[in-house]
Amino acid sequence: MYTMFRKINAKEKIVGWYSSGPKIKKNDIEIHEKFRDYNSNPVFVVIKVHESETLGIPTEAYCSVEEVNQEGQLEKNFVH
């Protein structure tokens, strides 16, 4: 799929991906890590499709960080 994208859209770059939310799900960090194959620091955007009464664009953007948890293990989380 990526090869076909490169043939048709050679000048465009993948900067990240999106979900129609309304919140971050458990497997989103795994999907985000797959996008590292195409961009070293991808952006994840949650689009809140059910918020019609807010002004502006109902989105929140995130990137991932690696943090050491209380057990001393490395885990990846999203930061806003």
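Residues numbered from 1 in each chain as written. Predicted model: local features only at pLDDT ≥ 70, side-chain atom pairs only at ≥ 80, totals over all residues. Heavy atoms only, no water.

1. As for the overall build of the protein
When helices and strands are counted, the protein shows two helices and four strands. Along the protein, helices (α) and strands (β) appear in the sequence α-β-α-β-β-β when read from the amino end. Here the C-alpha atoms of the protein give a radius of gyration of 15 Å, more than 25% beyond the 12 Å that 2.2 N^0.38 yields for 80 residues. Counting only C-alpha atoms, the protein reaches 45 × 35 × 15 Å along its principal axes. A buried classification covers 19% of the 80 residues belonging to the protein. Looking at the protein alone, contacts between residues at least 24 apart form 37% of all its contacts between residues at least 6 apart. Split by element, the accessible area of the protein, about 6500 Å² in all, is 54% carbon and sulfur. (Helix = DSSP H or I, 4+ residues; strand = E, 2+ residues; numbered from the N terminus. Rg over C-alpha atoms; globule rule 2.2 N^0.38 Å. Buried < 20%, exposed > 50% of the residue type's maximum accessible area, 1.4 Å probe, protein only. Contact = heavy atoms within 4.5 Å. Areas by Shrake-Rupley, 256 points an atom, 1.4 Å probe, with all protein chains shown as cover.)

2. Here's the deal with the sheet that holds strand 3 (residues 59-68)
Taken together, four strands build an open sheet; the order of strands is 1-2-3-4 and the sheet is mixed. Looking at the sheet topology across the chains shown, the edges are occupied by strand 1 (16-19) and strand 4 (74-79). Direction aside, neighbouring strands of the sheet carry axes that sit 30° apart on average. Here strand 1 pairs with strand 2 (residues 43-47) via four bridges, running parallel. By the bridge assignment for strand 2, S19 is matched with V46. (Pairing = 2+ DSSP bridges. Axes fitted to C-alpha atoms, helices over the stretch in contact; angles between N-to-C directions.)

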